[in-house]
Amino acid sequence: MLEGKLVNLRVMEKEDLPLLAEWFNKPEVLGEYNTLRQVSRTEMEKDFEKGTLEITDFIIEKKDGSEIGFICHFTLVHPAGKHLEIGYSLIPSERGKGYCTEAVRIMVDYLFLSRDTMRIQACTDTRNLASHKVLEKAGFKKEGTLRRYLFIRGELRDACSYSVIREEWKEPKILTRTA
Ligand SMILES: CC(C)(COP(=O)(O)OP(=O)(O)OC[C@H]1O[C@@H](n2cnc3c(N)ncnc32)[C@H](O)[C@@H]1OP(=O)(O)O)[C@@H](O)C(=O)NCCC(=O)NCCS
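Residues numbered from 1 in each chain as written. Predicted model: local features only at pLDDT ≥ 70, side-chain atom pairs only at ≥ 80, totals over all residues. Heavy atoms only, no water.

Novice: How would you explain the site of the ligand if you had to name every residue and give the values?
Specialist: Taken together, 22 residues form the shell around the ligand, and within it Leu 90, Gly 96, Gly 98, Thr 101 and Lys 137 come nearest. Within the side chain of Thr 101, one N or O atom sits 2.6 Å away from an oxygen atom of the ligand. For the ligand, whose free accessible area comes to 950 Å², the fraction covered by protein is 70%. When contributions to the shell around the ligand are tallied by element, the ones reaching two or more residues are α2 (27–30), β5 (83–90), α4 (99–114), β6 (119–125) and α5 (129–137). With 6 residues, the top contributor of residues to the shell around the ligand is α5. Among the residues making up the shell around the ligand, the classes are represented as 10 nonpolar, 8 polar and 4 charged. (Near = heavy atom within 4 Å. Polar contact = N/O pair within 3.5 Å; in protein donor to acceptor, adjacent residues only side chain to side chain. Areas by Shrake-Rupley, 256 points an atom, 1.4 Å probe, with all protein chains shown as cover. Helix = DSSP H or I, 4+ residues; strand = E, 2+ residues; numbered from the N terminus. Nonpolar A, V, L, I, M, F, W, Y, C, P; charged D, E, K, R; others polar.)

Below, the structure written as structure tokens:
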């Protein structure tokens, strides 16, 4: 368990797949700036058991244990590049309370503490202002625009590329306890 002040991140177990499938299949959870898709629980279970997914999901929990969303990290390019990308979503009723910003800060600490990575990146629809704000508050810098990069709701949209590199991060901000 990765513990913050507002939320904790708990690595996803097989038992969490029904919840994740429920969230993935509700368009309002992924929001208007994510690809619309439907995934069956069976398909998710198969992928999880094969262990071939290059993606690790964490459930975002409030301090009372209620599950409010997910954050994931994945490798998009060849691992020799040592880049990791992150993605996240919160259920609509829990947005605007600072939870995702803290989840991203925890994830950045965790990845720089646990992986030999130089750079953590995120791509978000140019119109997704809440996501831009989360990344900027968590120390990411906007690098530029990736033209027609994301296929969302029937069209290819421009995306903003954000990153934080190890030299900028310097030291953990939230995961500072060792015991
Ligand atoms: C993006 C998302 C994860 C943000 O989560 P959150 O917990 O609400 O984020 P936080 O509360 O930590 O911070 C949101 C910030 O954006 C601001 N914000 C929210 N909507 C905004 C908008 N339309 N325009 C400008 N700023 C906005 C908030 O005011 C807040 O900033 P503040 O703390 O300075 O007031 C959430 O909106 C979500 O789940 N959206 C759907 C899925 C999604 O788009 N995921 C990202 C894909 S890249």
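Alright, that's what it looks like, and here's the rest.
Novice: Hey, could you go over the packing of aromatic side chains for me, with residue numbers and the actual values?
Specialist: Taken as a whole and assessed by the stated rule, the structure comprises 3 aromatic pairs. Residues Phe 24 and Phe 70 carry aromatic rings whose centres are separated by 5.3 Å and whose planes lie at 65° to one another, so their mutual orientation is edge-to-face. Taken as a pair, Phe 24 in helix α1 (residues 17–24) and Phe 70 in strand β4 (residues 67–74) lie far apart in primary sequence, 46 residues in all. Neither Phe 24 nor Phe 70 differs from the other in exposure class; each is buried. Centroid distance Phe 58 to Tyr 110: 5.7 Å. Interplanar angle 70°. Geometry classified as edge-to-face. Note that Phe 58 is positioned in strand β3 (residues 55–62) and Tyr 110 in helix α4, a separation of 52 residues in sequence. (Phe/Tyr/Trp six-rings, centres within 6.5 Å; stacked < 30°, edge-to-face > 60°. Buried < 20%, exposed > 50% of the residue type's maximum accessible area, 1.4 Å probe, protein only.)

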